[in-house]
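If you want the building blocks of each chain, they are given just below.
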Amino acid sequence: MREVLIPALFLFFFLSTPILLAQEKTPDRYGISKKHPILVGGENLQMGPANQRSYLNRLTGPNGEKVSYTRIGSCCDFKTPNGILGGGMLDMYEVTHNGLKKPVVLYLNMYDPNPGEPKIPKGFILAQD
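Residues numbered from 1 in each chain as written. Predicted model: local features only at pLDDT ≥ 70, side-chain atom pairs only at ≥ 80, totals over all residues. Heavy atoms only, no water.

Caption draft 1: How the structure looks around the overall build of the protein chain. Of regular secondary structure, the protein chain possesses 2 helices and 6 strands. Sequence-ordered secondary structure for the protein chain, helices as α and strands as β, is α-β-α-β-β-β-β-β. For the protein chain, with 129 residues in total, the buried portion stands at 32%. A sequence separation of at least 24 residues applies to 58% of the contacts in the protein chain between residues at least 6 apart. As displayed, the protein chain offers around 9000 Å² of accessible surface, 61% of which is attributable to carbon and sulfur atoms. (Helix = DSSP H or I, 4+ residues; strand = E, 2+ residues; numbered from the N terminus. Buried < 20%, exposed > 50% of the residue type's maximum accessible area, 1.4 Å probe, protein only. Contact = heavy atoms within 4.5 Å. Areas by Shrake-Rupley, 256 points an atom, 1.4 Å probe, with all protein chains shown as cover.)

Listed below in structure tokens is the structure:
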């Protein structure tokens, strides 16, 4: 039994390690990095700004603190089939809440939808609808 269990555990760990490391790595930079923006795109471009506000309105601090945000501009052009003429720009929002030492800049992509459940930047949570 031991001869089967040890190789099976080793194989599981060996195969799952890259996946686990990737999952741990992305959330640390998700939303606060231009390379890992928050995906809030919808069925069409007109939904993008509303999706951004909806997402940010649901965002709270780690203990449910009310978040305030201000759009500070756009940056970082990128290619996407969901954008205008095959491209898009990220929107930057300065976000703060009581207990946060300094504001955080979040990068939002209003063109590309997030597959699955909404992802949340480290240090925040999403309130339920």
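Having seen it, we continue.
Caption draft 2: Focus on the pattern of salt bridges. Applying the stated criterion across every chain, the model contains 2 salt bridges. Between Asp 28 and Lys 122 there is a salt bridge, and its shortest N-O distance comes to 3.5 Å. A residue pair is termed long-range when its members are at least 10 positions apart, and Asp 28 in helix H1 (residues 2–29) and Lys 122 in the loop between strand E5 (104–109) and strand E6 (125–126) qualify at 94 residues. When the shortest N-O distance is used, the salt bridge between Asp 91 and Arg 71 registers 2.8 Å. Taken together, the residues Asp 91 in strand E4 (residues 87–97) and Arg 71 in strand E3 (residues 67–84) connect sequence positions 20 residues apart. On the basis of relative accessible area, Asp 91 is assigned to the buried category, the value being 7%. (Salt bridge = Lys/Arg side-chain N within 4 Å of Asp/Glu carboxyl O.)

Caption draft 3: Spatial organisation of the nonpolar core. With 16 residues, the main nonpolar core has Ile 38, Tyr 55, Leu 56, Leu 59, Val 95, Leu 106 and Leu 108 as its most contacted residues. At the level of secondary structure, the elements contributing two or more residues to this core comprise helix H2 (47–58), E4 and E5. With residues near it in sequence (within four places) discarded, Leu 59 still touches Val 67, Val 95, Leu 106, Ile 120, Pro 121, Phe 124, Ile 125 and Leu 126. (Core = buried A, V, L, I, M, F, W, Y, C linked by side-chain atoms within 4.5 Å.)

Caption draft 4: Region of interest: the environment of Asn 57. Note on placement: Asn 57 falls in helix H2. Once the C-alpha coordinates of Asn 57 and Val 67 are considered, the two residues, 10 residues apart in sequence, prove to be 7.6 Å apart. A distance of 2.8 Å separates the side chain of Asn 57 from the side chain of Tyr 69, its partner in a polar contact. (Polar contact = N/O pair within 3.5 Å; in protein donor to acceptor, adjacent residues only side chain to side chain.)

Caption draft 5: Region of the structure containing the side chain of Asp 91. A polar contact of 2.8 Å, which involves the side chain of Asp 91, links it to the side chain of Arg 71. Looking at Asp 91, its side chain comes within polar contact range of the side chain of Ser 74, at 2.8 Å. Dropping the residues within four chain positions of it, Asp 91 is found in contact with Gln 52, Arg 71, Gly 73, Ser 74, Leu 106, Tyr 107, Leu 108 and Met 110.

Caption draft 6: Just the sheet that holds E4, in detail. Strands sit in the order E1-E5-E4-E3 across an open sheet of 4 strands; the sheet is mixed. Strands with a single pairing partner mark the edges of an open sheet, and in this sheet they are strand E1 (38–39) and E3. H2 contacts E1, E3, E4 and E5 of the sheet and is inclined by roughly 25° relative to E4. (Pairing = 2+ DSSP bridges. Axes fitted to C-alpha atoms, helices over the stretch in contact; angles between N-to-C directions.)

Caption draft 7: The side chain of Asn 114, seen in detail. Note that Asn 114 resides in the loop between E5 and E6. A distance of 2.7 Å separates a polar side-chain atom of Asn 114 from the backbone oxygen of Glu 117. Not counting residues within four places of it along the chain, the set of residues in contact with Asn 114 comprises Leu 39 and Lys 119.

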